[in-house]
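The chain contents come next:
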Amino acid sequence: MSDLNVTLGYFLSVLGLSALLGVSLRRRGGAWAVLEELPASLALAACRLEVHAIEELGGWAGGLGPDVTLTLLFLTLLAHTASFPIATGNPCASLQQLLLLRASPHPTLLRLLLQLCGAHLALLLAGRYWALELSDMHMIRNLMGAECSSSLRTSPLQGAAAEMATSFCLHLLMLHLQPRPTLLRVPLIALAHTLLTHAANSYSSGFANPSLAYAVTFHCPGFSFLQYMLVYWSGPLAGMVLAVFFYMGHIPKLFSRNLLYSQKGRFRVPKRKESGEPREKSS
């Protein structure tokens with residue numbers, strides 16, 4: 001069985017089972033719907049770990065080049081966004097809803113915890129999957145154990161700037177596409193995220209997702225935990241806050257005064273004459 005067929009089977013299994021669990025939780029409604037963040041985060045991180053493995057080893061272990069990696073990343077983001085219309089598996093997206101006054105603090109905190117738990121479970125799941133050694137690439141990945149190459153390929157400050165720029169562009173696009181139909185919004189967001197990730201690949205991989213970065217690269221040597229926090233938490237959060245500010249002109253959760261856009265109308269209504277003013281005589 002070829003490496004690509006094994007990977008596609010893994011993607012279909014993880015995304016399919018996670019989507020079924022998410023649908024069942026959404027149908028229960030109430031507090032159960034919040035739990036959808038767990039399978040959403042698990043599915044995204046588990047598939048992204050496989051994409052990262054292909055990026056590391058696919059070129060010389062399975063004959064899979066960068067074009068295959070980008071295609072798989074796009075399909076993963078497309079399927080994930082379509083399968084989870086409410087849950088995102090992204091702490092920045094959850095905090096954005098809080099800043100927009102669309103969510104309360106306690107459910108948001110629960111979502112963050114579930115997203116981190118889902119990312120950690122994905123890391124364990126990927127390890128068990130690679131241990132099966134279903135392909136040459138997985139055999140090499142299993143022999144590597146905990147060793148991996150960090151997604152941060154530059155200094156922490158430059159990496160944080162790259163993550164901030166990626167997050168800013170992605171969240172600003174998501175805000176602009178909110179009123180658009182789902183069939184247009186979902187592929188555009190997936191395509192934009194893929195292109196932004198490719199553009200930031202030489203710096204930080206452009207995750208724009210702290211829990212996803214935790215699963216993929218926090219355990220890789222080369223940088224400290226605090227440096228990873230600076231890049232993959234501070235950077236995306238700053239980009240998200242800037243996106244909300246530039247889109248709304250203010251941050252509803254923090255202040256209501258619009259600092260960018262005028263609230264006045266373009267046209268003035270003509271004032272009516274006072275009754276005491278003399279009228280012109282008709283000829």
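Whatever comes next refers back to the structure up there.
The structure displayed is predicted, hence computed values, not measured ones.

Here's the deal with helix 11 (residues 225-248)
Logical step 1: The terminal C-alpha atoms of helix 11 lie 34 Å apart, and with 24 residues this matches the ideal 34 Å at 1.5 Å per residue to within 8%.
Logical step 2: Maximal helix bending in helix 11 amounts to about 25°, located at Ser-234; proline Pro-236 follows within four positions.
Logical step 3: Listed as buried for helix 11 are Tyr-228, Val-231, Tyr-232, Trp-233, Gly-235, Pro-236, Gly-239, Met-240, Ala-243, Val-244 and Phe-245.
Logical step 4: The elements touched by buried residues of helix 11 are helix 5 (91-99), helix 6 (105-131), helix 8 (156-176) and helix 10 (210-216).
Logical step 5: Remark: Gly-249 follows helix 11 within two positions and exhibits a positive phi of approximately 85°.

Let's talk about the nonpolar core
Logical step 1: Counting 44 residues, the largest nonpolar core has Tyr-10, Val-14 and Tyr-232 as its most contacted members.
Logical step 2: Where this core is concerned, the elements lending two or more residues are helix 1 (3-28), helix 3 (37-62), helix 4 (66-83), helix 6, helix 10 and helix 11.
Logical step 3: In terms of residues, this core owes the most to one element, helix 3, which gives twelve residues.
Logical step 4: Non-local contacts of Val-14, meaning those with residues more than four positions away in its chain, are made with Leu-42, Ala-43, Ala-46, Cys-47 and Leu-125.
Logical step 5: In this structure, Cys-92, Leu-99, Leu-175 and Met-240 belong to the second largest nonpolar core, which totals eight residues.

Quick word on empty space enclosed by the protein
Logical step 1: Scanning the entire structure with this criterion turns up one cavity of 30 Å³ or more.
Logical step 2: Lining the largest cavity we find Arg-48, Leu-73, Leu-77, His-193, Thr-197, Gly-206, Phe-207 and Leu-212.
Logical step 3: For the lining of the largest cavity, the elements supplying multiple residues, two or more each, are helix 4 and helix 9 (182-199).
Logical step 4: Grouping the constituent residues of the lining of the largest cavity by class yields four nonpolar, three polar and one charged.

Examining the pattern of salt bridges
Logical step 1: Tallying each qualifying case throughout the model produces four salt bridges.
Logical step 2: The closest approach of N and O atoms between Arg-26 and Glu-36, which form a salt bridge, is 2.3 Å. Of the two residues, Arg-26 sits in helix 1 while Glu-36 sits in the loop between helix 2 (31-34) and helix 3, which places them ten residues apart along the sequence.
Logical step 3: Look at Arg-26 and you get partly exposed, because its relative accessible area is 25%.
Logical step 4: On the basis of relative accessibility, which here comes to 1%, the residue Glu-36 falls in the buried class.
Logical step 5: Glu-55 is the partner of Arg-153 in a salt bridge, and the nearest nitrogen-oxygen pair spans 3.4 Å.

Conventions we followed
- Residues numbered from 1 in each chain as written.
- Predicted model: local features only at pLDDT ≥ 70, side-chain atom pairs only at ≥ 80, totals over all residues.
- Heavy atoms only, no water.
- Helix = DSSP H or I, 4+ residues; strand = E, 2+ residues; numbered from the N terminus.
- Expected span 1.5 Å × (residues − 1).
- Bend = angle between axes of the 7 residues up to and from the residue.
- Buried < 20%, exposed > 50% of the residue type's maximum accessible area, 1.4 Å probe, protein only.
- Contact = heavy atoms within 4.5 Å.
- Core = buried A, V, L, I, M, F, W, Y, C linked by side-chain atoms within 4.5 Å.
- 1 Å grid on protein atoms, 1.4 Å probe; cavity = no way out; pocket = protein on both sides within 12 Å on 5 of 7 lines; lining within 4 Å.
- Points joined across faces, edges and corners; volume = space filled by probe spheres on them.
- Nonpolar A, V, L, I, M, F, W, Y, C, P; charged D, E, K, R; others polar.
- Salt bridge = Lys/Arg side-chain N within 4 Å of Asp/Glu carboxyl O.

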